[in-house]
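# Analysis of the macromolecular model
Below are the chains, spelled out letter by letter.
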Amino acid sequence: MSFMEWSDKFELKISDIDQQHKQLLSMVNEMHDAMKNRKGKDVLADILKRLIDYTQKHFATEEKYFETHHYPDSLKHKMEHKALTQKVIELNEKFNKGDLFITVEVMNFIRDWLTNHILKSDLKYGSYLRERGVR
């Protein structure tokens, strides 16, 4: 059983966003497996870096949709993106300095944030964009 399971409850019914969310969950699962199997710091550092890069790509995709379709809550949503990006960059810096280890608590933070963000914030813009023909 994976650390994070994909579920229909996560679907926005916007193809590229759903695929990106699935990829993010897969990367979180990859990091969890590496942590659980006590992979080396280099392996975890690589996964964390890829997760950060992919998250930023994903946020850029969402924000492009917001701009194109004039999403009214885009500023609030962008602020959530910025806050998470800053937090994960801080975690990465601490990890690379040896001041932080990838632990169950860190994994739970990432899982909980991603789950809450998709189920609360993303579902709101999903319905907004679908009403404007985005699939």
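The present account deals with the structure reproduced in this document. Just so you know, these numbers come straight off a predicted model, no measurement behind them. (Residues numbered from 1 in each chain as written. Predicted model: local features only at pLDDT ≥ 70, side-chain atom pairs only at ≥ 80, totals over all residues. Heavy atoms only, no water.)

## A word on the overall build of the chain
Stated formally: For helices the rule is a DSSP run of H or I covering at least 4 residues; for strands it is a run of E covering at least 2, with both sets numbered from the N terminus onward. Each radius of gyration is computed over the set of C-alpha atoms, and the globule rule expresses the reference value as 2.2 Å times the number of residues to the power 0.38.
In terms of helices and strands, the chain carries four helices and zero strands. In the chain, the succession of helices and strands from N to C terminus is α-α-α-α. Here the C-alpha radius of gyration of the chain, 15 Å, is about what a compact globule of 135 residues would show, namely 14 Å. Along the three orthogonal principal directions, the C-alpha set of the chain runs to about 45 × 30 × 20 Å.

## Considering the packing of helix H2 (residues 41-69) against helix H4 (residues 104-131)
When two helices pack together, their arrangement is captured by the angle between the axes and the distance separating the axes. What counts is decided by this rule: Orientation is described by axes fitted as lines to C-alpha atoms, over the contacting stretch for helices, and by angles from 0 to 180 degrees between their N-to-C directions. Put simply, angles under 35 degrees are roughly parallel, angles over 145 are roughly antiparallel, angles from 65 to 115 are roughly perpendicular, and the rest are oblique. Two helices that cross are described as forming a left-handed crossing if the nearer one is turned anticlockwise from the farther one by less than a right angle, and a right-handed crossing if clockwise. Contact definition: two residues touch when any of their heavy atoms are within 4.5 Å. Residue polarity follows a fixed list, in which Ala, Val, Leu, Ile, Met, Phe, Trp, Tyr, Cys and Pro are nonpolar, Asp, Glu, Lys and Arg are charged, and the others, Gly among them, are polar.
Between H2 and H4, the shortest axis-to-axis distance is 11 Å and the interhelical angle comes to 25 degrees. Compared by their axis directions, H2 and H4 come out roughly parallel. As for how H2 packs across H4, the hand of that crossing is left-handed. Of the residues in H4, those touching H2 at His58, Phe59, Glu62, Tyr65, Phe66 and His69 are Trp113, His117, Asp122, Tyr125, Tyr128 and Leu129. Split into classes, the residues belonging to the contact of H2 with H4 amount to seven nonpolar, three polar and two charged.

## Details of the environment of threonine 55
Formally: Type-normalised accessible area, obtained with a 1.4 Å probe on protein chains alone, sets the label of each residue: buried when under 20%, exposed when over 50%, and partly exposed for intermediate values. Identification of polar contacts relies on pairs of N or O atoms within 3.5 Å, with a donor-acceptor requirement for protein atoms, meaning one able to donate a hydrogen and the other able to accept it, and with residues adjacent in sequence counted only if both atoms are side-chain atoms.
Tracing the sequence through the fold places threonine 55 in helix H2. With relative accessibility at 13%, the residue threonine 55 sits in the buried group. Taking the C-alpha atoms as reference points, threonine 55 and leucine 114, separated by 59 residues in sequence, lie 10 Å from one another. Filtering out sequence-adjacent residues up to four positions away, threonine 55 remains in contact with Leu24 and Leu84. From its side chain, threonine 55 meets the backbone oxygen of leucine 51 in a polar contact 2.7 Å long.

## Describing the packing of aromatic side chains
So the rule is basically this: Pairing of aromatic side chains requires ring centres within 6.5 Å, counting the rings of Phe and Tyr and the six-membered ring of Trp. Pairs whose planes differ by under 30 degrees are stacked, by over 60 edge-to-face, and all others tilted. We count a charge as sitting over a ring when the NZ of a lysine or the CZ of an arginine lies within 6 Å of the ring centre and within 35 degrees of the ring normal.
Summed over all chains, the structure comprises six aromatic pairs. Note on tryptophan 6 and phenylalanine 10: the rings are 5.6 Å apart at their centroids and 40 degrees apart in plane angle, and the pair reads as tilted. Judged by centre distance (5.0 Å) and plane angle (35 degrees), the ring pair of phenylalanine 66 and tyrosine 71 falls under tilted. Pair check on accessibility: phenylalanine 66 and tyrosine 71 agree, each one buried. Put simply, the rings of Phe66, Tyr71, Tyr125 and Tyr128 touch in pairs and so form one group of aromatic residues. Against the face of phenylalanine 10 rests lysine 9, its NZ or CZ located 5.6 Å from the ring centre. Sitting over the ring of tyrosine 128, arginine 132 keeps its end group 3.5 Å from the ring centre.

## Side note on the environment of phenylalanine 101
Locating phenylalanine 101 in the fold gives a position in the loop between helix H3 (74-97) and H4. Residues contacting phenylalanine 101, with those up to four places away along its chain left out, are Phe95 and Val106.

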